[in-house]
Amino acid sequence: MVPPKANVVIIGAGVNGLSTAYHLALKGVKDIVVVEKEKFIAAGSTGLSAGGIRQQFSTEVNIKMAMYSVKKFEKFKEEMGEDIGFNQVGYLFLLTDPEDVELFRQSYNLQRSLGLEVEWLGPDEVRKRWPYINTEDVLAATFCPTDGYADPYSVANGYAKQARNLGVRIELETEVVGIKVEGGKVRGVQTTKGYIETPVVVNTAGPYARLVGKMIGVDIPVDPYRRQVFITDAFPDIPPSWPMTIDFKYHWYMRKEGPGLLMGMSDLTEPPSFNMNVDWSFMEKVVEHGIKRIPILEKARIMRGWAGLYEVTPDSQPIIDKIPGIEGFYCAVGFSGHGFMLSPATGLVMSELITEGRAISFDISDFRYNRFAEKEIAGEKHVI
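Keep in mind that what you see is a predicted model, and the values were worked out from it rather than measured.

The rules behind each value
- Residues numbered from 1 in each chain as written.
- Predicted model: local features only at pLDDT ≥ 70, side-chain atom pairs only at ≥ 80, totals over all residues.
- Heavy atoms only, no water.
- Helix = DSSP H or I, 4+ residues; strand = E, 2+ residues; numbered from the N terminus.
- Rg over C-alpha atoms; globule rule 2.2 N^0.38 Å.
- Contact = heavy atoms within 4.5 Å.
- Areas by Shrake-Rupley, 256 points an atom, 1.4 Å probe, with all protein chains shown as cover.
- Lys, Arg positive; Asp, Glu negative; His and termini not counted.
- Charge placed at Lys NZ, Arg CZ, Asp CG, Glu CD.
- Salt bridge = Lys/Arg side-chain N within 4 Å of Asp/Glu carboxyl O.
- Pairing = 2+ DSSP bridges.
- Axes fitted to C-alpha atoms, helices over the stretch in contact; angles between N-to-C directions.

1. Quick look at the overall build of the protein
Part 1: Along its length, the protein carries 10 helices and 19 strands.
Part 2: By the compact-globule yardstick of 21 Å for 384 residues, the protein fits well, its C-alpha radius of gyration being 21 Å.
Part 3: Within the protein, contacts between residues at least 6 apart in sequence are counted, and of these 74% link residues at least 24 apart.
Part 4: With the model as given, the accessible surface of the protein reaches about 16000 Å², and the carbon-plus-sulfur share is 49%.
Part 5: Charge separation in the protein, taken as the distance between the mean sites of 42 positive and 49 negative side-chain charges, equals 4 Å.

So this is what it looks like as structure tokens:
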């Protein structure tokens, strides 16, 4: 059974829910309960993500939060006692469309102004550094050497262990089925294992965020989209140094994964759903494009694949806010593929929002809940 009372109930034991719990406990908040419907932590989008960590964004707040998060990932083993396998191999964005070149030039200037060591490369330089890449249609590229990838489950586990050490309870196989609101205030949470009286509920339910919002009559504009990842076997032509390579126009990406390669591509024609079955016919499209961009892939063989869910908002920016009109209801959802890489910063700002009433470390006004009623929203443009 769940505890009868809590100061904070967090819905969802993905990396952002666990980071929020840890950072709240670090600030001295007691009686925090994380509820998770699955049998283990990071069972949803976190554990199924490709693990990318980058700082090359188009908006100032995302760049700043990502730069902060990278510093935390670099010290994660030392500070959190968990080896997350952070490989800073860099992110290489390949640009083949003139409009994308202009967009990335603006973003590059912004990133440099904020202190990010990112490089602007011509196709000749790309070919010189990574001769296995077909650059015949590449107009330009950007590369940031401190970007990379890590193991999402290990990051979540590090936060979970440290949160538990600080007194946080994590209740697995415990699904939220209702949220009690009276007088415009959160009063409690009904779960499949009992009722928890609480004044604060945090929605970190990822692709299920909209369903949680419906429990209190609030529409949270987050839709789930399937994203598929495929892994090759080892083959002798794989170079020892391989950045996370993004073919931006085609939403295609690749990086090393153990002795093989990991690759994926977003299918922008697929409607939102909770479908997480692997579509092997789509794999053929991913591989076909991969061979065009990196011809040595012709020698590779796909070993396995999996599907996860992106939680997407209309402007590809998260909602990190307290929901107006309902005291005690908070959200950190809708990261549109960037949730894992921003999780250290997200947990910090959520803890500030809940304990101080506002975010202190970053200006998160771009992430406010009510922005979608406005006519013009800038949003994040570097979305894969």
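2. Points about the pattern of salt bridges
Part 1: Applying the stated criterion across every chain, the model contains 18 salt bridges.
Part 2: Between E182 and K180 there is a salt bridge, and its shortest N-O distance comes to 3.6 Å.
Part 3: Look at the salt bridges and you will find they share partners, linking E119, E125 and R129 into a network.

3. Looking at the pairing of strand β9 (residues 176-182)
Part 1: Pairing geometry for β9 and strand β10 (residues 185-191), over 6 bridges, is antiparallel. Bridge assignment links V181 to a residue of β10, and that residue is V186.
Part 2: Between the antiparallel neighbours β9 and β10 lie 2 residues, among them G183 with a positive phi of about 60 degrees.

4. Here we look at the sheet that holds strand β4 (residues 91-95)
Part 1: Strand order across the open sheet formed by 8 strands is β5-β6-β4-β14-β15-β16-β13-β17, with mixed pairing between neighbours. The open sheet is flanked by β5 (119-121) and β17 (302-312), the only strands paired with a single partner. The average undirected angle you get between the axes of adjacent strands in this sheet is 20 degrees.
Part 2: Judged from the 5 bridges that link them, β4 and strand β6 (residues 140-144) form a sheet pairing that is antiparallel. Bridge assignment links L92 to a residue of β6, and that residue is F143.
Part 3: Against the sheet, helix α5 (residues 98-113) touches β4, β5 and β6, its axis set at about 155 degrees to β5.

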